[in-house]
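For reference, the chains in residue letters:
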Amino acid sequence: MNTWRYRRQALFLWMCRALTLLALIILGSLILHIAKEGVSTLSLDFLHRFPSRFPHKAGLKSALYGTLWIMCLTALIAVPFGIATAIYLEEYSTKNRFSRWIQINITNLAGIPSIVYGLLGLTVFVRYLNMGQSLWAGALTLSLLVLPIIVIASQEAIRAVPNPIREAGYALGAHPWQVILCQVVPAALPGIMTGVILALSRAIGESAPLIMIGALSYVAFVPEGPGDAFTVLPVQIFNWASRPQVSFHAIAASGIIVLLCVLFTMNLIAVLIRHKFQRYK
Amino acid sequence: MNQEAPILKTEGLKISYGSTPAINGISIEIRPNRVTAVIGPSGCGKSTLLRTFNRMNDFIPNIKTEGQVWFRGQNMFHPKVDPVNIRKHVGMVFQRPNPFPKSIYKNITWGPTIHSYAGNLDELVEKSLKRAALWDEVKSRLHDSAFDLSGGQQQRLCIARTIAMNPDVILMDEPCSALDPKATARIEDLIGELRSRYTIVIVTHNMQQAARISDETLFLYEGNLIESGKTKALFTNPTKQQTEDYITGRFG
Amino acid sequence: MLHKHAKFVDVSFKGLLWLCIGATLTTTTLVVVILGTEAYHFFSLVPITEFLFGTHWEPLIEPRSFGVLPLVCGTGMIVLGSIAFALPIGLGIATYLSEFAPNWVRSTIKPTLEILAGIPTVVYGYFALTFITPILRSLFPETEIFNAASGAIVVGIMILPMISSLCDDAFRGLPSSLREGGYALGATPYEVVTRVVLPAAGGRIGAAVILAVSRAIGETMAVTLAAGASPNLTANPFESIQTMTAYIVQVSLGDTPVGGVEYLTCFAVAGLLFTITFIMNVIGSQLLLKTQWQSRS
């Protein structure tokens, strides 16, 4: 009787399935394409060489070290600020106009295009504070960029800590900082850690703000301190990908494989942390 | 009447949440080393009253407290009084067991540690767990997570954690409402054992429980104290009609 | 020992947290102040009407002209194209995951799609340049090496996980009584989705689109690599264009003297970019909050 309705239903279901499958195919072809293009030029030697004018001699050494430096410095700067802000907003602030305003401010900071952060870093850190094109300037810029991500993730983790745990702490005669630092934050730590790792993977994948502050793509040395000039993986990849020669595209793909491996490792760690502490939830 | 000095005393205590009144002028005295039960139907202000005694109500925004509350003759709401100090002497056990997500051992030692306890922690843990009648069940696994315990064991751990602070008063807010009858019986036995050392104030909506374990009973209704006195007298021979109606199950 | 001076630590701890809040406030202030002052300098050299309504963008080579419309048009093409690509797919995925998919499929596909959200934008740029563009060129031979279509598709792929997960949340946030009401009347899932679920989740889908648009506007490296650097006022998706973000990158890659008018253009363009994304983010997140409240009550 109602065959048309049922046919339409079946068609609709298949369409939804097909669209989902399409997204998976896109992801698959992205990974396969990059693997196909880049795997032939990928070698241990590739990781040990500095950049070069000749694609077959170019390598990732300085970019790898730069990324490592940037990741550590950014974590060092952004993590304490981010967690502290989250603690204040969740545990101390009353729901008044000021705290709501800060909350809106943080949500909006998370939505500012990364390139605007680049201009901010260029003006404040590179020019006004005279840091030059150093790791400091890069890490500070990226810290501002990932700070809202860390704050929002930490807030969610802290909010998920059941209130009876706080009550138990206060009922034992603890001061707020004791309840927060000894009970709430440890209970929220898996969630906070996951957020931090996601924020740092965002930081090491960013290239636009670092290009803005003048991260170089030809760095033939390993940075020895946070005052040195640097390059990072995505900037190096961008440089190679934007060249017209196809042979540079191949090593760009090899660089992407390395970058994705780093990111997947970090995400794996985040998943493992979540898994390990699941039973407390 | 008993001439012993009360350990907790309120006079004209009035509490409201915003514009909603919760307690309308209650004056009571709670005497040491007894079990005092606070009974009454839901929403009568039992928990609000209990939470006044260790100032846990401080965390509720828009709450207004008027009147006097004394702990050992000291005005608890005097501006110079630090609620943290009160909570050291007045411990609390909550409706649902709420152990910290840490080991059994650390659950007990945390309170004393933050108050710079100078004695031996191992001994303190053993003593507290023995008093809470939990030692034999957990002595071999003190460093396991407290979440591995059953609900009744968790609640006894929370009692042990409170005991470890060596408080004068232990407030219990319906401590058995989340437990099965067997675990409830164990907690009730435990309360009987603790009365010689501590003053216990227990909120319960279970009248049989109040009758079984308490020495004195306060009956609250809609924020007012209707009747108070020796449990036996109150349950066998109530003076007010409302009390009789409540304990005979005509409402509530 | 800290616990011995617990009271003092309490006060200092709170103060310390307060200072950290300052970091986020300072960032916002700095963004506004810096973009504001530099853009002010720019507009003292170039009239604001010429900037906003001029149709020719040639700030680096004499004779200079500073009409930002070609860049806005470039960005607009990327945004329209990417939403046109991502919204149907995202809605399809969200519908499938929330209404039809068995649990195990859902719990595998969701994290798999999250992978897309974690891939750096420069990787997407490379993918567009070396995979999407060649395909486009074989389908439409007149396609230029750098073209808007390729950039739009790749930005669409980037915002896809955002749209699908926000829409999925929107669908799952609806009370199940709503669907049950539809099914109880004998409606097919298609009818329930199109007549009950979609209208009820409309506000949240709108918010998702606004937030995704804002993401697409701010997208930089992928469009720089794929869509090119020629600020053309065109509607042909197979031509090379330049977005606002790509222009800023182009300037910073060259050796522009600090303080010159070329340098200042960056801030004017970034100011425009910031204003647009800021407004969209405020509208989007307010809409999310509001619709959340509606579904709760």
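Thresholds applied
Per chain, residue numbering runs from 1 following the sequence as it is written. Think of it this way: whatever chain is written first is A, whatever ligand is written first is 1, and the rest follow in order. Only residues with pLDDT of 70 or above have their local features reported here, since the model is predicted, and side-chain atom pairs are shown and tallied only from 80 upward, although totals for entire chains, interfaces and linings are computed over all residues. Side-chain figures throughout are based on the complete set of non-hydrogen atoms in the structure, without hydrogens or water. Under the scheme used here, helices are H or I runs from DSSP no shorter than 4 residues and strands are E runs no shorter than 2 residues, and both carry numbers assigned from the N terminus. We call two residues in contact whenever any of their non-hydrogen atoms come within 4.5 Å of each other. By the counting rule applied here, Lys and Arg register as positive and Asp and Glu as negative, while His and the ends of each chain are not counted. Charge placement uses NZ in Lys and CZ in Arg. For Asp and Glu, CG and CD serve respectively. Each residue gets one of three labels from its accessible area relative to the maximum for its type: buried under 20%, exposed over 50%, partly exposed in between, using a 1.4 Å probe on protein chains only. Each accessible area value is a Shrake-Rupley result obtained with a 1.4 Å probe; residue values ignore everything except the protein chains displayed when judging cover. Put simply, buried area is the surface a 1.4 Å probe can reach on two separate parts but cannot reach once they are joined, added for both. One side-chain nitrogen of Lys or Arg within 4 Å of one carboxyl oxygen of Asp or Glu is enough to make a salt bridge. Between N or O atoms, a polar contact is any pair within 3.5 Å; within protein, one atom must be a potential hydrogen donor and the other a potential acceptor, and residues adjacent in sequence are included only when both atoms are from side chains. In this classification, Asp, Glu, Lys and Arg are treated as charged, Ala, Val, Leu, Ile, Met, Phe, Trp, Tyr, Cys and Pro as nonpolar, and every other residue, Gly included, as polar. Residues qualify for a patch when their relative accessible area is over 30% and they have no salt bridge, like charges being joined within 9 Å and the nonpolar side chains of Val, Leu, Ile, Met, Phe, Trp and Tyr within 5 Å. We call two strands paired when DSSP finds no fewer than two bridges between them. Helix axes are fitted to C-alpha atoms over the stretch in contact, other axes to C-alpha atoms as well, and angles between N-to-C directions run from 0 to 180 degrees. The way it works is a 1 Å grid over only the protein atoms, where trapped points that fit a 1.4 Å probe form a cavity and open points with protein on both sides within 12 Å along at least five of seven lines form a pocket, and then any residue with an atom within 4 Å of a point lines it. Grid points are joined across faces, edges and corners, and a volume is the space filled by probe spheres set on the points.

A short note on the overall build of chain A
Consideration 1: Looking only at helices and strands, one finds eleven helices and zero strands in chain A.
Consideration 2: Listing the helices and strands of chain A from first to last along the sequence gives α-α-α-α-α-α-α-α-α-α-α.
Consideration 3: The dimensions of chain A, computed from C-alpha atoms along their principal axes, are 75 × 70 × 35 Å.
Consideration 4: A separation of at least 24 residues holds for 74% of the contacts in chain A among residues at least 6 apart in sequence.
Consideration 5: Computing the positive centroid from 21 side-chain charges and the negative centroid from 9, chain A places the two 11 Å apart.

Comments concerning the overall build of chain C
Consideration 1: A count of helical and extended segments in chain C gives eleven helices and two strands.
Consideration 2: By principal-axis analysis of the C-alpha atoms, chain C measures approximately 75 × 70 × 35 Å.
Consideration 3: When the 297 residues of chain C are sorted by exposure, 53% land in the buried category.
Consideration 4: Long-range pairs, those at least 24 residues apart, make up 70% of the contacts in chain C between residues at least 6 apart in sequence.
Consideration 5: For chain C, the computed accessible surface area is about 12700 Å², with 68% contributed by carbon and sulfur atoms.
Consideration 6: Charge-centre separation for chain C: the mean point of 14 positive side chains lies 18 Å from the mean point of 17 negative side chains.

Remarks on the interface of chain B and chain A
Interfaces are often sized by the accessible area lost when the parts come together.
Consideration 1: Each side of the interface is counted separately: chain B has 27 residues, and chain A has 19 residues.
Consideration 2: Counting each side, the surface lost to burial between chain B and chain A is near 1900 Å², with a carbon and sulfur contribution of 65%.
Consideration 3: At the boundary of chain B and chain A, one finds one salt bridge.
Consideration 4: Arg-51 of chain B is the partner of Glu-167 of chain A in a salt bridge, and the nearest nitrogen-oxygen pair spans 2.4 Å.
Consideration 5: At the junction of chain B and chain A, the tally comes to four residue pairs in polar contact (both at pLDDT 80 or more).
Consideration 6: Grouping the constituent residues of the side of chain B that touches chain A by class yields 13 nonpolar, seven polar and seven charged.

Side note on a nonpolar patch on the surface
Residues and elements named next belong to chain C.
Consideration 1: There is a patch of nonpolar side chains on the surface, built from Ile-48, Leu-52 and Phe-53 and spanning about 290 Å² of accessible area.
Consideration 2: If you trace the backbone, Phe-53 turns up in helix 2 (residues 48–53).
Consideration 3: Exposure remark for Phe-53: the relative accessible area of 59% places this residue in the exposed category.

Details of the interface of chain C and chain A
Consideration 1: The interface is formed by 80 residues belonging to chain C together with 76 residues belonging to chain A.
Consideration 2: In this assembly, chain C packs against chain A so that about 6800 Å² is buried in total across both faces, 80% of it on carbon and sulfur atoms.
Consideration 3: In terms of surface lost to chain A, no three residues of chain C exceed Ile-21, Tyr-126 and Tyr-190 of chain C, which account for 10% of the buried area on that side.
Consideration 4: Among the ionic pairs, Arg-8 of chain A bridges to Glu-191 of chain C, the shortest N-O distance being 2.9 Å.
Consideration 5: In this structure, the connection of chain C to chain A is made through twelve residue pairs in polar contact (both at pLDDT 80 or more).
Consideration 6: Per-element accounting of the side of chain C that touches chain A gives the leading share, 20 residues, to helix 1 (residues 6–45) of chain C.

Points about the sheet that holds strand 9 (residues 216–221) of chain B
Residue and element names in this part refer to chain B.
Consideration 1: Taken in spatial order, the six strands of this open sheet run 6-7-8-3-9-10, and their pairing is mixed. Strand pairing shows two members of the sheet lacking a second neighbour, strand 6 (90–93) and strand 10 (224–230), which therefore form its edges. With strand direction ignored, the average angle separating the axes of adjacent strands in the sheet is 15°.
Consideration 2: Helix 6 (residues 151–163) rests against strand 6 and strand 7 (169–173) of the sheet, and its axis sits at about 175° to strand 6.

Focus: the sheet that holds strand 5 (residues 74–75) of chain B
Consideration 1: Ordered in space as 2-1-4-5 (chain B), the four strands form an open sheet in which the pairing is antiparallel. A single partner strand is all that each edge strand has here, and the edge strands are strand 2 (20–30) and strand 5 of chain B.

A few points about the layout of surface pockets
Consideration 1: For the second largest pocket, the calculated volume is near 1000 Å³.
Consideration 2: Lining of the second largest pocket is provided by 31 residues; of these, Glu-91, Tyr-92 and Tyr-170 of chain A together with Asp-58 and Phe-59 of chain B occupy positions nearest its centre.
Consideration 3: Every element with two or more residues in the lining of the second largest pocket is listed here: helix 3 (61–92), helix 6 (135–159), helix 7 (163–171) and helix 8 (176–205) of chain A, helix 2 (83–89) of chain B together with helix 1 of chain C.
Consideration 4: For the lining of the second largest pocket, the residue count by class is 13 nonpolar, five polar and 13 charged.

Notes on the pattern of salt bridges
Consideration 1: By the definition in use, this model includes 25 salt bridges over all chains.
Consideration 2: Between Asp-168 of chain B and Arg-72 of chain B there is a salt bridge whose closest N-O contact spans 3.3 Å. A residue pair is termed long-range when its members are at least 10 positions apart, and Asp-168 of chain B in the loop between helix 6 and strand 7 and Arg-72 of chain B in the loop between strand 4 (63–71) and strand 5 qualify at 96 residues.
Consideration 3: Assessed through its relative accessible area of 53%, Arg-72 of chain B is described here as exposed.
Consideration 4: With a shortest N-O distance of 2.7 Å, Arg-212 of chain B and Glu-188 of chain B are connected by a salt bridge. In this pair, Arg-212 of chain B sits in helix 8 (residues 207–213) while Glu-188 of chain B sits in helix 7 (residues 181–194), placing the two residues 24 residues apart along the sequence.
Consideration 5: Classification of Glu-188 of chain B by relative accessible area gives buried; the value is 10%.
Consideration 6: Several salt bridges converge on common partners, so that one network encompasses Arg-5 and Arg-8 of chain A together with Glu-191 of chain C.

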